[in-house]
Amino acid sequence: MQLEKILTAGIGELDLCDIAVYREQGGYAQFERAVKELQPAAIVDIAAKSGLRGRGGAGFPTGRKWQFLPNNGRPRYMVCNCDEAEPGTFKDRMLLEYTPHQIIEGILIGTYAIGSRHAYMYIRGEFKRGYETFMKALEQARAADYVGERLFGSDYSVELTVHRGAGAYICGEETALLNSLEGKRGEPRLKPPFPAIKGLYGEPTVVNNVETLGYLPHILRRGPEWFAGVGTPKSTGYKIVSMSGHVQKPGNYEIPLGLPMRTLVYDIAGGLPPGRKFMGIQPGGGSSACLFEEHLDLGYDYEALAGAGSMLGSGAAVVFDDTTDFVKAAHSLVRFFAHESCGQCTPCREGGNWLEMTLERMLHGRGVESDVDMLVDVSHSMTGINLCPLGDSIEPFLASVVKRFPEQFYAYVRTPQTAVAV
Amino acid sequence: MSDVRAADYVGFETGTDDAAERERFAAIVEHLRPECERVIAQYEDARSALLPILHLFQNEQGWVSPAALRACAQLIDVPLSVVESTASFYTLFFRRPVGRYMLQPCRGVACIIRGAEEQMAHFRERLGIGHLETTDDGLFSYEEVECLAACDRAPCMQVNLEFVYDLTNESIDAMLGEMRAGTCAIARRTQTSPPRRTWIIQQDSGKKSAGAQDVLSPDDPGGIGDRSGKDMLRRIERDPELLLARPTRERLVRDGVAILDGEAEKH
Ligand SMILES: Cc1cc2nc3c(=O)[nH]c(=O)nc-3n(C[C@H](O)[C@H](O)[C@H](O)COP(=O)(O)O)c2cc1C
Ligand code: SF4
Ligand code: FES
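Here is a short report on the structure shown in this document. (Residues numbered from 1 in each chain as written. Chains lettered and ligands numbered in written order. Predicted model: local features only at pLDDT ≥ 70, side-chain atom pairs only at ≥ 80, totals over all residues. Heavy atoms only, no water.)

Turning to the overall build of chain A, a few remarks are in order. Of the regular secondary structure elements, chain A holds 17 helices and 8 strands. Its C-alpha radius of gyration of 22 Å places chain A within 12% of the 22 Å reference for a compact globule of 422 residues. Along the first, second and third principal axes, the C-alpha atoms of chain A reach 80 × 45 × 35 Å. Burial status across chain A gives 64% buried among its 422 residues. Long-range contacts, defined as pairs at least 24 residues apart, comprise 70% of the intrachain contacts of chain A with a sequence gap of at least 6. A total of about 15000 Å² of accessible surface is found on chain A, and carbon and sulfur atoms cover 51% of it. Where the 42 positive side-chain charges of chain A centre and where its 49 negative ones centre are 2 Å apart. (Helix = DSSP H or I, 4+ residues; strand = E, 2+ residues; numbered from the N terminus. Rg over C-alpha atoms; globule rule 2.2 N^0.38 Å. Buried < 20%, exposed > 50% of the residue type's maximum accessible area, 1.4 Å probe, protein only. Contact = heavy atoms within 4.5 Å. Areas by Shrake-Rupley, 256 points an atom, 1.4 Å probe, with all protein chains shown as cover. Lys, Arg positive; Asp, Glu negative; His and termini not counted. Charge placed at Lys NZ, Arg CZ, Asp CG, Glu CD.)

A tally of helices and strands in chain B yields 10 helices and 5 strands. Looking at the 267 residues of chain B, the share that counts as buried comes to 47%. Long-range pairs, those at least 24 residues apart, make up 66% of the contacts in chain B with a sequence separation of at least 6.

To continue, consider unusual backbone geometry. Most peptide bonds take the trans form, and the phi angle of most residues other than glycine is negative. All names here are of chain A. For the peptide bond that leads from lysine 191 to proline 192, omega is -5 degrees, which places it in the cis range. Counting through the fold element by element, proline 192 comes out in the loop between helix 8 (174-181) and strand 4 (205-209). A cis amide bond links proline 192 with the next residue in sequence, proline 193, at an omega value of 5 degrees. By secondary structure assignment, the location of proline 193 is in the loop between helix 8 and strand 4. Its identity as a non-glycine residue notwithstanding, tyrosine 28 has a phi of 70 degrees, on the positive side.

Our focus in this paragraph is the nonpolar core. With 85 residues, the main nonpolar core has Leu398 and Phe409 of chain A together with Phe57 of chain B as its most contacted residues. In terms of nonpolar packing, the next biggest core, distinct from the first, is built from 66 residues, Ile11, Tyr22, Leu95 and Val158 of chain A among them. (Core = buried A, V, L, I, M, F, W, Y, C linked by side-chain atoms within 4.5 Å.)

Turning our attention to the sheet that holds strand 8 (residues 316-321) of chain A. Residue and element names in this part refer to chain A. Strand order in the open sheet formed by 4 strands is 6-5-8-7, with mixed pairing between adjacent strands. The two strands at the open ends of the sheet, each matched to only one other strand, are strand 6 (251-256) and strand 7 (278-282). Within the sheet, the average angular offset between the axes of one strand and its neighbour, ignoring direction, is 30 degrees. Looking at chain direction, strand 5 (residues 238-245) and strand 8 are connected through 4 bridges and run parallel. (Pairing = 2+ DSSP bridges. Axes fitted to C-alpha atoms, helices over the stretch in contact; angles between N-to-C directions.)

So, about the pairing of strand 2 (residues 118-123) of chain A. For a regular strand, the rule is simple: side chains alternate between the two faces of the sheet. Residues and elements named next belong to chain A. With respect to burial, strand 2 is a largely interior element, 6 of its 6 residues being buried. Where strand 1 (residues 77-82) meets strand 2, 6 bridges bridge the pair, whose relative direction is parallel. Bridge pairing in strand 2 places valine 79 opposite tyrosine 120. Where strand 2 lies against strand 3 (residues 159-164), 6 bridges are found, and the strand directions are parallel. Across the sheet, the residue bridging to alanine 119 is leucine 160, located in strand 3.

Put into structure tokens, the structure is as follows:
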């Protein structure tokens with residue numbers, strides 16, 4: 001199946017880290033046009049008309065988010081979120097390492113659109129190579145006068161500061177990210193106030209994902225109608241999907257939203273290894289519920305996945321075949337969220353640890369029958385009562401696989417020699 | 001910005017009163033100072049420069065020493081406790097020395113379902129150490145980490161933050177051999193102090209959770225099998241009513257009133 005490439009165009013064929021190559025492809029022309037010809041408000045309009053939704057996880061309409069900024073004459077900030085660490089997601093790292101100028105141009109357009117003069121790029125600490133690549137690209141952009149004072153003879157000046165994280169998934173959550181940018185522990189803040197009202201240094205701030213911003217130059221070039229015409233009415237445009245797990249061709253694929261999941265798994269990612277049977281797919285990162293055979297004809301878009309009780313999230317699809325031990329898969333994800341909990345909320349901190357220990361005990365053959373119910377019960381009780389969505393992220397996958405494959409979980413507690421006498 | 005002087009760096013980790021040690025560290029600060037000042041100037045607020053400056057010190061020393069924490073506190077003018085609290089939040093800052101090679105295989109779900117457990121067991125066996133430990137010769141540190149955003153090349157890992165893909169037991173043996181022989185393409189980490197068994201500083205239980213303390217998972221079961229759980233079960237056996245006694249709103253109000261009444265009587 002032939003897919004049109006937008007953000008991923010040229011990756012693997014051209015050296016897009018070189019600013020000359022990027023410019024030959026039309027790079028930075030849209031930022032120049034924006035500053036020279038377009039009012040910031042016009043770009044906000046274009047973003048809204050395109051239907052572009054956040055690609056970082058929540059899927060919030062980007063134009064709408066920008067419109068929330070108050071007109072109070074205070075400084076504003078644009079923050080690009082490249083803290084990618086959601087299990088299964090590896091699209092932002094690819095964009096960072098292979099097409100950094102596209103990200104810079106997207107950040108600059110977004111920054112100009114919201115009337116800001118200072119943007120920050122937050123890069124996950126583990127992405128050392130990506131950080132170095134981005135820094136080199138930024139130097140080139142600075143030397144070519146795309147970043148700095150009085151751009152293109154106008155009175156618009158912009159600064160872009162790169163900030164490296166240091167190993168904490170929770171810093172991907174936007175308010176935790178802002179705390180981390182302020183030199184603090186990466187603990188999420190209570191919302192409201194939302195960052196658009198009170199963000200970095202207490203000023204109005206927009207946080208956008210790398211992929212979200214990356215689409216801006218293309219939307220400016222081809223028009224919002226083009227983007228809005230792709231996908232479904234509510235999930236417009238393209239999305240990079242990170243395909244991993246039991247597929248023959250794992251990798252990043254840029255698809256028009258709404259493509260049936262069956263096409264995604266079998267045609268695009270090459271299907272399952274020979275002789276294996278499809279058991280499930282986690283379609284939107286570690287926080288999404290597992291979907292099954294009967295869901296494969298659903299479209300890969302925000303509404304369809306939410307309608308099936310899961311979500312599109314960050315666009316990371318992990319495919320499970322019949323060799324999967326779902327207890328181990330659930331244990332890995334629960335351990336992840338327990339490990340990455342910032343510890344502020346009791347349900348998230350204690351619940352995650354408790355579930356991890358219970359699963360670990362089961363895996364070591366010391367489970368009791370009531371454990372299986374307890375997994376569902378604890379994960380459900382800890383949901384909806386936390387400061388940030390991380391604490392609500394364990395239940396979807398755990399509950400969905402316990403419900404679907406109870407025999408796999410009971411297999412770890414039923415054998416006589418493993419029952420623990422209470 | 002406060003003035004940083006050599007005399008301020010009394011290293012309580014690497015020989016308290018060692019003058020040579022102190023001088024060596026003062027030289028590091030002088031070396032890093034211009035870069036630190038440039039970084040601080042990038043931000044509206046100096047404290048924002050904390051993570052970048054910690055990275056600079058860690059690059060220079062291989063870890064974030066107590067002396068480095070103090071230097072950071074002075075450079076951005078915040079209390080030392082603030083720097084310690086912040087640094088301890090982030091797993092990539094090592095507050096004790098680590099090995100020349102930081103081996104970090106991924107234990108994320110996409111790697112696990114593609115057999116990463118076998119490679120992790122292989123690492124443990126070949127290195128003779130476990131999760132969060134360093135070999136006696138100070139060459140290898142080992143930590144099983146969360147998803148590294150390279151799930152299409154599972155099982156994968158990072159070595160000194162460089163990616164290594166498609167791990168097999170054979171490729172691991174070859175890699176470890178090259179590392180021991182000094183022919184590995186991945187540069188060794190700076191090591192200014194000898195590592196210990198682990199670089200992790202934590203409360204005894206090794207868990208964030210207070211509820212998890214004294215429960216030595218996995219062999220001493222938590223949950224229903226632990227001591228407090230057993231005690232509770234015994235109480236329930238004696239008094240099944242306990243099962244029904246959920247913390248209802250009415251009960252909370254009643255208990256609250258009782259406490260208040262008690263207080264009132266005292267005064
Ligand atoms: C626990 C948690 C982790 C998150 N991690 C990321 C991340 O790594 N990258 C990202 O772009 N958004 C992440 N988000 C979503 C951000 O909070 C925020 O919604 C997003 O960056 C907004 O950008 P967008 O509207 O362009 O998607 C995370 C959210 C939560 C609750
Ligand atoms: S839900 Fe978890 S990660 Fe989020 S703020 Fe609370 S404790 Fe921290
Ligand atoms: S799960 Fe191992 S890299 Fe993502």
